[in-house]
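# Examining the three-dimensional arrangement
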Amino acid sequence: MVEKPDLLGMELTEIQAFVEDMGAPRYRGVQLFQWMHKKLKADVSEMSNLPKDFRQELRNRARITNLEVLQRKDDPQGSTKLLLRVPDGEAVESVVLRYEYGTSVCVSSQLGCAMGCAMCASTLGGLKRNLTTGEMCGQVIAAERVSRQEGHHISRIVVMGIGEPMENYESLVRFLRIMNCREGMNISYRRMTISTCGHVPQIIRLSQEGIPVTLSVSLHAPVDSLRDKLMPINRRYPLSELLEACKTYFRVTGRRVTIEYTLMKGVNDSAQDASRLASLLRDMACHVNLIPYNPVPERQFERPSRERVCEFAEILRDKGINVTVRREIGAGTAAACGQLRRLTERGPAKP
Ligand code: SF4
């Protein structure tokens, strides 16, 4: 049986073309888009300004993805982790992160991940499938419903959840365009961040899309020999090519790249590692985000001491590198990517 198209994953122009094809005027497409992305409705029966026969025809021809909240975990430090059911019964996770400057949602782009990074729990079961554009939009809508209950709105999107977004490129870009649309969430591209483990060709491609989002690159090692071991993608795209792609991204978009560096005790946290990282990034317009490792039971890595983290940051600062240490938010909600989903796979989490 052919699956009905998902209206939630369509850009506004596509919805307008879709309703025109049904014999309705284009403005019905705008109304429909607003119901889904502004008023957060997934049931056409509630779309009261649409004619009844048009609503019935929509039901016959299309569907609207709506992600059911299977589990919610709140952390006193300000994060809420949502485990959401996607239409085929799989579960996807998203995190609402509350900061002084606004509320962000961390979105997953795939079910599982094929990239095999040594420190990450999300890749242990491999890749099940890419998420659709509608399933990515559905995560933001679920997060926005949580935020509205608290009198806030989602103002930032970070695609840093489970999966490598660049491996799901077309759905990702369509998702970003939908989130930017003025008739819907209307989130500026400058408030969107895409994280990659270093997919060089897609970094170049993204730089040419005309959507100036922040690019965040997970580096985690200052030399190829170590990065080859920690992140298998480095064997395809070594550091020199990756950093060249980051420079291109900055040149084309004017957006400074964020370098994510997870500090793991005795692995990549020495003073020598810090000096090597500083020389590597010397002539790059970037910002380094140091992340003390959040241990997961399935991986053997440990978190370095607070002193080690500060020392590492100081070395970078002394060498003129812009650096911050990520605020520890969400550790209590199993916030390292893949943790909540894996907990539920092992058995129902205790309330
Ligand atoms: S860190 Fe990201 S890219 Fe690497 S395995 Fe985990 S989810 Fe995939």
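Keep in mind the model is a prediction, meaning the values are calculated, not measured. (Residues numbered from 1 in each chain as written. Predicted model: local features only at pLDDT ≥ 70, side-chain atom pairs only at ≥ 80, totals over all residues. Heavy atoms only, no water.)

On to the overall build of the protein chain. Along its length, the protein chain carries 11 helices and 12 strands. Here the protein chain has a C-alpha radius of gyration of 21 Å; the compact-globule value for 351 residues is 20 Å, and the two agree. A principal-axis box enclosing the C-alpha atoms of the protein chain has dimensions of 70 × 50 × 40 Å. Looking at the 351 residues of the protein chain, the share that counts as buried comes to 55%. (Helix = DSSP H or I, 4+ residues; strand = E, 2+ residues; numbered from the N terminus. Rg over C-alpha atoms; globule rule 2.2 N^0.38 Å. Buried < 20%, exposed > 50% of the residue type's maximum accessible area, 1.4 Å probe, protein only.)

A few words on the site of the ligand. In the region of the ligand, the neighbouring residues are C113, M115, G116, C117, C120, S122, T123, G163, E164 and C197. A breakdown of the residues in the shell around the ligand according to their chemical character gives 5 nonpolar, 4 polar and 1 charged. (Near = heavy atom within 4 Å. Nonpolar A, V, L, I, M, F, W, Y, C, P; charged D, E, K, R; others polar.)

Along the chain, Y261 falls in strand β10 (residues 257-263). As a C-alpha pair, Y261 and L131 span 130 residues in sequence and 26 Å in three-dimensional space. In this structure, Y261 is in contact with H220, A221, P222, N268, D273, L277, N289, L290, I291 and F312, ignoring residues within four places of it in sequence. (Contact = heavy atoms within 4.5 Å.)

Membership of the largest hydrophobic core comes to 106 residues, with the highest contact counts inside it found for I157, F175 and L206. In this structure, this core is formed jointly by two domains, domain 1 (7-61) and domain 2 (68-346), each of which donates at least three residues. In this structure, L206 is in contact with M166, Y169, V173, I194, I211, V213, L215 and Y249, ignoring residues within four places of it in sequence. (Core = buried A, V, L, I, M, F, W, Y, C linked by side-chain atoms within 4.5 Å. Domains from an automatic or database assignment.)

Burial analysis of strand β2 (residues 79-85) places 6 of its 7 residues in the buried class, the great majority of the element. Pairing geometry for strand β1 (residues 68-75) and β2, over 7 bridges, is antiparallel. Paired with R72 across the two strands is L82, which belongs to β2. Linkage of β1 to β2, two consecutive antiparallel strands, is achieved through a turn of 3 residues, within which G78 is found at a positive phi near 115°. Strand direction decides the pairing type here: β2 and strand β3 (residues 91-99), joined by 7 bridges, are antiparallel. Paired with S79 across the strands is L97, a residue of β3. In textbook terms, the turn of a hairpin is the stretch between consecutive antiparallel strands, and for β2 and β3 this stretch comprises 5 residues, one of which, G89, has a positive phi near 95°. (Pairing = 2+ DSSP bridges.)

In this section: helix α4 (residues 133-149). With 17 residues, α4 extends 25 Å between its outermost C-alpha atoms, agreeing within 8% with the 24 Å of an ideal straight helix rising 1.5 Å per residue. Once α4 finishes, G151 follows within two positions and takes phi at roughly 80°, a positive value. (Expected span 1.5 Å × (residues − 1).)

Before going further, it helps to spend a moment on the side chain of T123. Note on placement: T123 falls in the loop between β5 (110-112) and β6 (127-130). T123 has contacts with C113, A114, M115, G116, C117 and R299, leaving out every residue within four places of it along the chain.

Here the focus is the pattern of salt bridges. For the structure on display, the rule yields 21 salt bridges. Note that E260 is salt-bridged to R326, the shortest N-O span being 3.0 Å. Highlighted residues: E260 in strand β10 and R326 in the loop between β12 (323-325) and α11 (339-346), separated in sequence by 66 residues. Overall, E260 belongs to the buried group, its relative accessible area being 4%. (Salt bridge = Lys/Arg side-chain N within 4 Å of Asp/Glu carboxyl O.)

Turning our eyes to something else, we now look at the sheet that holds strand β4 (residues 102-106). Here 10 strands make up an open sheet; going across it, the order is β1-β2-β3-β4-β7-β8-β9-β10-β11-β12 and the pairing mixed. The open sheet has two edge strands, β1 and β12, and neither has a second partner. Averaged over neighbouring strand pairs, the angle between their axes works out to 20° when direction is ignored. (Axes fitted to C-alpha atoms, helices over the stretch in contact; angles between N-to-C directions.)

Along its sequence, the protein chain is organised into domain 1 (7-61) and domain 2 (68-346). Its C-alpha centre places domain 1 at a distance of 33 Å from the equivalent point of domain 2. Each side of the interface is counted separately: domain 1 has 14 residues, and domain 2 has 17 residues. Interface area lost by domain 1 to domain 2 is led by E11, H37 and L40, which between them contribute 43%. At the boundary of domain 1 and domain 2, one finds 1 salt bridge. Where E14 meets R174, a salt bridge forms, and the shortest distance between an N and an O atom there is 2.6 Å. Our count for the contact surface shared by domain 1 and domain 2 stands at 5 residue pairs in polar contact (both at pLDDT 80 or more). The leading source of residues in the side of domain 1 that touches domain 2 is helix α2 (residues 27-37), at 5 residues. Its residues assigned to classes, the side of domain 1 that touches domain 2 shows 7 nonpolar, 3 polar and 4 charged. (Buried area = accessible area lost by both parts, 1.4 Å probe. Polar contact = N/O pair within 3.5 Å; in protein donor to acceptor, adjacent residues only side chain to side chain.)

This part takes up the packing of aromatic side chains. Applying the stated criterion across every chain yields a total of 3 aromatic pairs. When the centroid spacing of 5.9 Å and the interplanar angle of 80° are considered together, the rings of Y293 and F301 count as edge-to-face. Against the face of W35 rests K39, its NZ or CZ located 3.9 Å from the ring centre. (Phe/Tyr/Trp six-rings, centres within 6.5 Å; stacked < 30°, edge-to-face > 60°. Lys NZ or Arg CZ within 6 Å of the ring centre and 35° of its normal.)

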